[in-house]
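# Close look at the chain arrangement
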Amino acid sequence: MTILVTGGAGFIGANFVKYIIKKYPNYKVICLDALTYAGNLETLSDVMDNPMFKFMKGNIACQETVYQLFENEKPDIVVNFAAESHVDRSIENPRLFLETNIIGTQVLMDACRKYGIKRFHQVSTDEVYGDLPLDRPDLFFTEDTPIHASSPYSASKASADLLVLAYHRTYNLPVTISRCSNNYGPYHFPEKLIPLMITRALADQPLPVYGKGENVRDWLYVEDHCSAIDLIIHNGCVGEVYNIGGHNERTNLDVVKTILKTLDKPESLITFVTDRPGHDMRYAIDPTKIHKELGWLPKTKFEEGIKLTVTWYLQNRSWWEHIVNGEYQSYYEKMYGNR
Ligand code: NAD
Ligand code: DAU
């Protein structure tokens, strides 16, 4: 079996590459990644020499690159993680999100049609459902919740989802889609809430919480996301959408306070800054379908996962210091300088 993992030098894609290599030592894993600011080959250094793993630098939206790869490697399964993934960046530059997240998905699926494939799996997000109100804790996103995107990022992911389902109906392409809640864990790029707060707290820098910090996210340890995708690509029904989430809802303020407590740092580091435009209030996944149909359940409770994550950042300082000392500094100034 040959699996093509796009975006495998990013946070979740790299965790997935390692998960698959460990669980299926006889599978060939090809990673196609453009190495944007979010792609990091250091993350893959421990698998680079594995004879069953191959890294290729390239853009999923470039037809020539993608067709050549399919011609040479003939993947059986494609798992598409490659994306521009940060909401704040999508507010600054929507176009790039449309090019990678929509056109890139279309190019990959056209290659699947041309060369043949057992499965195309699209890694999507709960953000395609929009948000839920804070005063209705009884409401959850199911697979039937209407698409209602808020940001250019989520609109681009929703568009890609529609395209994936259209390719299934029109061309009978064997597709599946997963829509997961917020991930956290090792190798998370320090622009996202949890790694940003851990790395800044370690440097005793102010922690920028948007608005009042009351927005709610449904946190899932990244390994649990990997195990869910593993089940879907092997046992999931073609043409189906699966929500992935573990009922770990927390306000942003709670998350930041938990990190500070774990690191024994003062809450005075918390700084409230201007809110994100169009900021979604609450995400909450109903994972009943994947549990009932595929037997998936998350293994890691938030309290345990956050400790594992903080420990990982403490033990792998050079990984994130290389990022923080580079291009990320000027990005931080641009995003937060005037807040
Ligand atoms: P990430 O930003 O950490 O990684 C994205 C990777 O894609 C990087 O390695 C980058 O170099 C690569 N990439 C970007 N544009 C590319 C292109 N045009 N061609 C090839 N490679 C390209 O993202 P992540 O957080 O690991 O998210 C991975 C996927 O999971 C995304 O599709 C995202 O929408 C989805 N998702 C993320 C979360 C989350 O909480 N992080 C939750 C649900 C779904
Ligand atoms: O729900 C899944 C989505 O989760 C994925 O599709 C996205 O790719 C991923 O980036 C993530 O989106 P969010 O916008 O929820 O993640 P982020 O880490 O950017 O923000 C989490 C919450 O924290 C959100 O309410 C905004 C807030 N926040 C974020 C940053 C970066 C802050 O208060 N301060 C910050 O500096």
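Residues numbered from 1 in each chain as written. Chains lettered and ligands numbered in written order. Predicted model: local features only at pLDDT ≥ 70, side-chain atom pairs only at ≥ 80, totals over all residues. Heavy atoms only, no water.

### Some words on the site of ligand 2
Test applied: Residues are classed as near a molecule or strand on a simple rule: at least one heavy atom within 4 Å of it. For this analysis, a polar contact is any N or O atom pair within 3.5 Å, provided that within protein one partner can donate a hydrogen and the other can accept it, and provided that sequence-adjacent residues contribute only side-chain to side-chain pairs. Shrake-Rupley sampling with a 1.4 Å probe provides the accessible areas, and residues are treated as covered by the protein chains on show and by no other component.
Taken together, 25 residues are adjacent to ligand 2, and Thr-125, Asp-126, Tyr-153, Arg-276 and His-279 come closest. Side-chain polar atom of Glu-127 to an oxygen atom of ligand 2: 2.8 Å apart, as the coordinates give it. A distance of 2.6 Å separates an oxygen atom of ligand 2 from a polar side-chain atom of Arg-276. Relative to its unbound accessible area of 690 Å², ligand 2 is 94% covered by the protein chains.

### Re the nonpolar core
Just so we agree on the cut-off: What is meant by a nonpolar core is a set of buried Ala, Val, Leu, Ile, Met, Phe, Trp, Tyr and Cys residues, joined one to another through side-chain atoms within 4.5 Å. Only protein chains enter the accessibility calculation, which uses a 1.4 Å probe. A residue is then buried if its area is under 20% of the maximum for its type, exposed if over 50%, and partly exposed in between. Put simply, DSSP H or I for four residues or longer makes a helix, DSSP E for two residues or longer makes a strand, and each gets a number counted from the N terminus. Residue contacts follow a heavy-atom distance rule, with two residues in contact if any of their heavy atoms lie within 4.5 Å.
Counting residues in hydrophobic clusters, the biggest one holds 36 residues, and the most contacted among them are Phe-16, Leu-44, Phe-53, Val-79 and Ile-244. When residues of this core are traced back to their parent elements, those giving at least two are β1 (2–6), α1 (11–23), β2 (28–33), β3 (53–57), β4 (77–80), α7 (222–235), β11 (241–244) and α9 (288–294). At eight residues, α1 tops the list of elements feeding residues into this core. The residues touching Phe-16, leaving out its near neighbours within four places in the chain, are Val-5, Val-79, Phe-81, Cys-226, Ile-229, Asp-230 and Ile-233.

### Let's talk about the packing of helix α10 (residues 302–315) against helix α11 (residues 317–324)
Convention followed: As a rule, the C-alpha atoms of each element are fitted with a line to give its axis, helices using only the stretch in contact, and angles between N-to-C directions run from 0 to 180 degrees. In these notes the angle categories are as follows: under 35 degrees is roughly parallel, over 145 is roughly antiparallel, 65 to 115 is roughly perpendicular, and the rest is oblique. Under the scheme applied here, ten amino acids are nonpolar (Ala, Val, Leu, Ile, Met, Phe, Trp, Tyr, Cys and Pro), four are charged (Asp, Glu, Lys and Arg), and all others, including Gly, are polar.
In contact at an axis separation of 5 Å, α10 and α11 are set at 75° when each is read in the N-to-C sense. One way to sum up the angle between α10 and α11 is to call them roughly perpendicular. For the pair formed by α10 and α11, the contact residues are Trp-312, Tyr-313, Leu-314 and Gln-315 on the first element and Arg-317, Trp-319 and Trp-320 on the second. Here the contact of α10 with α11 is built from residues that sort into five nonpolar, one polar and one charged.

### Comments concerning unusual backbone geometry
The backbone of Lys-74 shows a phi angle near 45°, a positive value even though the residue is not glycine. With respect to the secondary-structure elements, Lys-74 resides in the loop between α2 (63–73) and β4.

### Points about the site of ligand 1
Around ligand 1 sit 28 residues in total, of which Asp-33, Asn-59, Ser-85, Tyr-153 and Lys-157 are the nearest. Here Ala-34 contributes a backbone N or O atom positioned 3.0 Å from a nitrogen atom of ligand 1. Looking at the shell around ligand 1, the elements with two or more residues in it are α1, β5 (119–125) and α5 (152–171). Ranked by the residues each element gives to the shell around ligand 1, the list is headed by β5, at three residues. Of the residues belonging to the shell around ligand 1, the class tally is 13 nonpolar, 13 polar and two charged.

### Describing the environment of Glu-42
Mapped onto the secondary structure, Glu-42 falls in the loop between β2 and β3. Measuring from C-alpha to C-alpha, the distance between Glu-42 and Tyr-187 comes to 9.7 Å, with 145 residues separating the pair along the chain.

### Some points on the state of the cysteines
Filter applied, for reference: Here, the term disulfide refers to a pair of cysteine sulfur atoms separated by no more than 2.5 Å.
Using the criterion set out here, one finds zero disulfides in the structure. Its sulfur unpaired, Cys-31 is 13 Å from the next cysteine sulfur, which belongs to Cys-226. Cys-62 supplies the cysteine sulfur nearest to Cys-112, a cysteine that is in no disulfide, at a spacing of 16 Å. Residue class for Cys-112 comes out buried when judged on its relative accessible area of 1%.

### Overview of the packing of aromatic side chains
Worth spelling out the cut-off: Aromatic rings from Phe, Tyr and Trp, with only the six-membered ring used for Trp, were paired whenever their centres fell within 6.5 Å, and each pair was classed as stacked if the ring planes differed by under 30 degrees, edge-to-face if by over 60, and tilted otherwise. Placement of a charge over a ring requires the Lys NZ or Arg CZ to be within 6 Å of the ring centre, with the centre-to-atom vector within 35 degrees of the ring normal.
One pass over the structure, following the stated rule, counts 17 aromatic pairs. Judged by centre distance (4.9 Å) and plane angle (65°), the ring pair of Tyr-167 and Tyr-171 falls under edge-to-face. Of this pair, Tyr-167 and Tyr-171 both sit in helix α5, separated by four residues, roughly a single helical turn. When its relative accessible area of 9% is taken as the criterion, Tyr-167 is described as buried. Between the NZ or CZ atom of Arg-113 and the centre of the ring of Tyr-171, over which it lies, the distance is 3.5 Å. The residue whose ring lies beneath Arg-217 is Tyr-283, and the NZ or CZ to ring-centre distance is 4.0 Å.

### Remarks on the packing of α2 against helix α4 (residues 94–115)
Condition: Here is the rule for handedness: rotate from the far helix to the near one, and if that takes an anticlockwise turn smaller than a right angle the crossing is left-handed, while a clockwise turn gives right-handed.
Two elements in contact, α2 and α4, have axes whose closest approach is 10 Å; the angle formed by their N-to-C orientations is 35°. In the packing of α2 onto α4, the handedness of the crossing is right-handed. Facing α2, whose interface residues are Gln-63, Val-66, Tyr-67, Phe-70 and Glu-71, α4 presents Val-107, Leu-108, Asp-110, Ala-111, Cys-112, Lys-114 and Tyr-115. Across the contact of α2 with α4, the residue classes tally to eight nonpolar, one polar and three charged.

### Here's the deal with the sheet that holds β5
Basically, it comes down to this: Pairing between two strands is assigned when DSSP locates at least 2 bridges connecting them.
Across the sheet, seven strands lie side by side as β3-β2-β1-β4-β5-β6-β11; this open sheet has parallel pairing. The open sheet has two edge strands with one neighbour each: β3 and β11. Put simply, the sheet's adjacent strands are angled 20° from each other on average, direction ignored. Relative to β11, strand β6 (residues 175–180) runs parallel, the two being bridged by four bridges. The residue of β11 that forms the bridge with Arg-179 is Asn-243. Running at roughly 170° to β2, α2 makes contact with β1, β2, β3 and β4 of the sheet. In the packing of α5 onto the sheet, the strands contacted are β5, β6 and β11, and the crossing angle to β5 comes to about 155°.

That is the geometry; function is a separate question.
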